[in-house]
Amino acid sequence: MGHKHDDIYDFKLFARKMRWTAFFHNNKELDSTVVSSEPQDVNAFHVSDTLKPQSYENPTQQDKRVESFIEQLSSEITAHEKKRPKSNLTHFEMEGLKWCKRMMLERVLYFTKVDKGGSIIVMDVETVESDILKTLTNTQKYELVQGDPRSSIRSEINNMINDMTNNSLFTMKDRLYLTGQTEKGGYSHDPSFCTREPYLYPLYKIHKLSKEQIDNKVIPSNRMVTSSVGGPTYRIGKFLEELLNPVSEEYCKGELIRDTPDFLLKAKLMNDSSEFNGLDLNLVAMDVVALYPSIKIDLALEAVEIALTKVTQFSQLQIGAIIQLLSYTLHNSVVCFRGQWYKSVEGAPTGN
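Across its full length, the protein chain holds 11 helices and seven strands. For the protein chain, the residues scored as buried account for 32% of the 352 residues in total. Looking at the protein chain alone, contacts between residues at least 24 apart form 67% of all its contacts between residues at least 6 apart.

Have a look at this one:
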């Protein structure tokens, strides 16, 4: 269950979207990319840029019907108290769940999803931690970091965002969202700005084992995932994700496959197309071993810069800021294990 302040934040974004939808519906003659009547700096990441993440700005012209709906919904959300739903588990199932949790807390068993299919695998903690330590002590993949690097990373990010704000690339509200720094120079006490310890965990590739190997309890290979949610670079990463996803879709238009349903749809369209009637075609699939660790960061940054130049209207100053933030994020992926910190030195981290 989420906290109430999370619900209120989500509601504010929803209300903002409702207001702008009503605004453009009532003003169809206006360019739908204009979202603020205030003077805007040509170099700023204002919400008028279609690639800008959500902002707090609302239209000055409001629709009474929409405002009435938003006011009623706001009062219900504010007054609503979340109650834990009644469990649908039987008594014996609850006892089993408690046992599983106890085994996890006592560091006896490790429960996790497998790499494909969403099944759950149960491993002994010693084996899992041995696999994690084996990865972290591989000097081609990670290097030791002396002490907790979160404060220094956050300080460096704050300095970058402050410089960009001074150059009118970000507004004060953007800076608050990205760093927690207020207009008066202090910092927000919102718990979401308290950085957590990123960690590494394995997804085991049980789908690569034969039935005989599974019966013999062979330990499958794994893919290490970095969980950086709440970590020192997490907010910058989310900002860049929302900024760059539309860029990749536009730049790779016609070549990008989002997921399995998208692939099946494209295959069906090809089958239905008269262009391929009567042709004897073979479908070929290729895979890349350790895709993300194999990415050369400098090459990736160059590719992103080319895409931004070709499919956006960003100035060179804006593109330079995006590349600077992206480079810093990719070069400062850190994790903590048993009180020791490590920094990734190979490719791009897999995870969120």
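Glancing now at the pattern of salt bridges. One pass over the full model with this rule turns up 13 salt bridges. Residue Arg338 pairs with Glu129 through a salt bridge whose shortest N-O separation is 2.7 Å. With Arg338 in the loop between β6 (334-337) and β7 (340-344) and Glu129 in helix α4 (residues 125-136), this residue pair connects regions lying 209 residues apart in the sequence. By relative accessible area, Arg338 is classed as exposed at 57%.

With that out of the way, let us pick up the nonpolar core. Ranked by size, the top nonpolar core spans 33 residues in total, and within it Ile161, Phe170, Leu308 and Leu325 carry the most contacts. Breaking this core down by element, the ones donating at least two residues are α5 (150-166), α8 (234-251), α10 (297-311), α11 (316-331) and β6. With residues near it in sequence (within four places) discarded, Leu325 still touches Met160, Ile161, Met164, Phe170, Ile236, Phe239 and Leu240. Of all hydrophobic cores here, the second largest spans 15 residues; its members include Val125, Val128, Val335 and Phe337.

For the rest of this paragraph, the subject is the confidence of the model for the protein chain. Averaged over the protein chain, the pLDDT score is 84; the fraction of residues at 70 or greater is 89%. Low pLDDT, under 50, characterises residues 31-43; the stretch is placed with 23 contacts to residues that sit more than four places away or in other chains. Of the regions scoring below 50 in pLDDT, residues 46-56 engages in 37 contacts with residues more than four places distant in sequence or in other chains.

Here the focus is the sheet that holds β6. An order of β3-β7-β6 is seen for the three strands of this open sheet, with the pairing classed as antiparallel. In this open sheet, the two strands that pair with only one neighbour each are β3 (142-145) and β6. Pairwise comparison of adjacent strand axes, ignoring direction, gives a mean angle of 35 degrees for this sheet.

Phi at Ala290 takes a positive value of approximately 50 degrees, unusual for a residue other than glycine. Tracing the chain through its elements places Ala290 in the loop between α9 (260-272) and α10. Not every positive phi belongs to a glycine, and Arg338 is a case in point at roughly 55 degrees.

Relative to the assigned elements, Lys116 resides in the loop between β1 (109-113) and β2 (120-124). Residue classification places Lys116 among the exposed residues on the basis of a relative accessible area of 51%. Expressed as a C-alpha distance, the spacing of Lys116 and Lys205, which sit 89 residues apart in the sequence, is 7.0 Å.

Our next topic: a nonpolar patch on the surface. Nonpolar side chains collect at one region of the surface, where Ile257, Phe263, Leu264 and Leu283 lie side by side and expose about 410 Å² of accessible area between them. Mapped onto the elements of the fold, Leu283 is located in the loop between α9 and α10. On the basis of relative accessibility, which here comes to 72%, the residue Leu283 falls in the exposed class.

Here we take up the packing of α8 against α11. Packing of α8 against α11 leaves a shortest axis separation of 10 Å and a crossing angle of 130 degrees. For the element pair α8 / α11, the angle class is oblique. As α8 runs across α11, the sense of the crossing is left-handed. Along the contact surface, α8 presents Ile236, Phe239, Leu240, Leu243 and Leu244, while α11 presents Ile322, Leu325, Leu326 and Thr329. Within the contact of α8 with α11, the residues separate by chemical class into eight nonpolar, one polar and no charged.

On to the environment of Tyr187. Structurally, the position occupied by Tyr187 is in the loop between α6 (172-179) and β4 (199-204). The residues touching Tyr187, leaving out its near neighbours within four places in the chain, are Arg154, Asn158, Thr179, Gly180, Gln181 and Thr182. At 3.1 Å, the side chain of Tyr187 forms a polar contact with the side chain of Asn158.

Right, let's get into α5. Because the α-helix completes a turn every 3.6 residues, residues three or four places apart line up on one side. For α5, with 17 residues, the first-to-last C-alpha span of 24 Å sits near the 24 Å given by 1.5 Å per residue. Every buried residue of α5 is accounted for by Arg150, Ile153, Ile157, Asn158, Met160, Ile161, Asn162, Met164 and Thr165. Along its buried surface, α5 packs onto α6, α8, α11, β6 and β7. Looking one or two places after α5, you find Ser168, whose phi comes out positive at around 65 degrees.

Each value, and the rule that gives it
- Residues numbered from 1 in each chain as written.
- Predicted model: local features only at pLDDT ≥ 70, side-chain atom pairs only at ≥ 80, totals over all residues.
- Heavy atoms only, no water.
- Helix = DSSP H or I, 4+ residues; strand = E, 2+ residues; numbered from the N terminus.
- Buried < 20%, exposed > 50% of the residue type's maximum accessible area, 1.4 Å probe, protein only.
- Contact = heavy atoms within 4.5 Å.
- Salt bridge = Lys/Arg side-chain N within 4 Å of Asp/Glu carboxyl O.
- Core = buried A, V, L, I, M, F, W, Y, C linked by side-chain atoms within 4.5 Å.
- pLDDT = per-residue confidence, 0-100.
- Pairing = 2+ DSSP bridges.
- Axes fitted to C-alpha atoms, helices over the stretch in contact; angles between N-to-C directions.
- Patch = residues over 30% accessible without salt bridge, like charges linked within 9 Å, V, L, I, M, F, W, Y side chains within 5 Å.
- Areas by Shrake-Rupley, 256 points an atom, 1.4 Å probe, with all protein chains shown as cover.
- Parallel < 35°, antiparallel > 145°, perpendicular 65-115°, else oblique.
- Left-handed = near helix turned anticlockwise from the far one by under 90°.
- Nonpolar A, V, L, I, M, F, W, Y, C, P; charged D, E, K, R; others polar.
- Polar contact = N/O pair within 3.5 Å; in protein donor to acceptor, adjacent residues only side chain to side chain.
- Expected span 1.5 Å × (residues − 1).

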